[in-house]
Amino acid sequence: MTKPYSEDEWKITINGEKITPYISGAYCEKANDENKLIDLRNFIRNIVQNKVEYQKLPEATGGGYE
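Summarised in this report is the structure supplied together with it.

About the criteria used
- Residues numbered from 1 in each chain as written.
- Predicted model: local features only at pLDDT ≥ 70, side-chain atom pairs only at ≥ 80, totals over all residues.
- Heavy atoms only, no water.
- Helix = DSSP H or I, 4+ residues; strand = E, 2+ residues; numbered from the N terminus.
- Rg over C-alpha atoms; globule rule 2.2 N^0.38 Å.
- Buried < 20%, exposed > 50% of the residue type's maximum accessible area, 1.4 Å probe, protein only.
- Contact = heavy atoms within 4.5 Å.
- Areas by Shrake-Rupley, 256 points an atom, 1.4 Å probe, with all protein chains shown as cover.
- Salt bridge = Lys/Arg side-chain N within 4 Å of Asp/Glu carboxyl O.
- Patch = residues over 30% accessible without salt bridge, like charges linked within 9 Å, V, L, I, M, F, W, Y side chains within 5 Å.

**Some points on the overall build of the chain**
Okay, so step 1: Secondary structure summary: the chain contains two helices and four strands in total.
Okay, so step 2: The linear arrangement of helices and strands in the chain, starting from the amino end, is β-β-β-β-α-α.
Okay, so step 3: Taken against the 2.2 N^0.38 rule, which gives 11 Å for 66 residues, the C-alpha radius of gyration of the chain at 15 Å runs more than 25% over that of a compact globule.
Okay, so step 4: Taken over the C-alpha atoms alone, the chain extends approximately 35 × 35 × 15 Å along its principal axes.
Okay, so step 5: Across the 66 residues of the chain, 14% fall into the buried class.
Okay, so step 6: When contacts within the chain are restricted to residue pairs at least 6 apart in sequence, those whose partners lie at least 24 apart make up 24%.
Okay, so step 7: By element, 52% of the accessible surface of the chain is carried by carbon and sulfur atoms, the whole surface being about 6,000 Å².

Shown next as structure tokens:
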């Protein structure tokens, strides 16, 4: 197991069907679907972080790992 680890839970609705994929970074081995969701998360994060509005936000503080 990896500590600390990240977790992702998505709530997605497509054509009225709801799915809730969940990824835990606690274990090193990931399924192909998990890797695809991680790639999508990173793609979206990159889009958001490149927005001027995001770059104007103050630095984050706290989180328990400082």
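**Considerations on unusual backbone geometry**
Okay, so step 1: Its identity as a non-glycine residue notwithstanding, Asn15 has a phi of 50°, on the positive side.
Okay, so step 2: Tracing the backbone shows Asn15 in the loop between strand S2 (12-14) and strand S3 (17-19).
Okay, so step 3: On the basis of relative accessible area, Asn15 is assigned to the exposed category, the value being 82%.

**What to know about the pattern of salt bridges**
Any two side chains of opposite charge can pair, so long as their charged atoms come close to each other.
Okay, so step 1: Taken as a whole and assessed by the stated rule, the structure comprises one salt bridge.
Okay, so step 2: With a closest N to O distance of 2.8 Å, Asp8 and Arg41 form a salt bridge. Here Asp8, found in strand S1 (residues 7-9), pairs with Arg41, found in helix H1 (residues 32-49); they are 33 residues apart in sequence, far enough to count as distant.
Okay, so step 3: Judged by relative accessible area, Asp8 falls into the buried class, the value being 14%.

**Section: a nonpolar patch on the surface**
Okay, so step 1: A surface patch of nonpolar side chains, amounting to about 620 Å² of accessible area, comprises Leu40, Phe43, Ile44, Ile47, Val48, Tyr54 and Leu57.
Okay, so step 2: Locating Leu40 in the fold gives a position in helix H1.
Okay, so step 3: Overall, Leu40 belongs to the partly exposed group, its relative accessible area being 37%.

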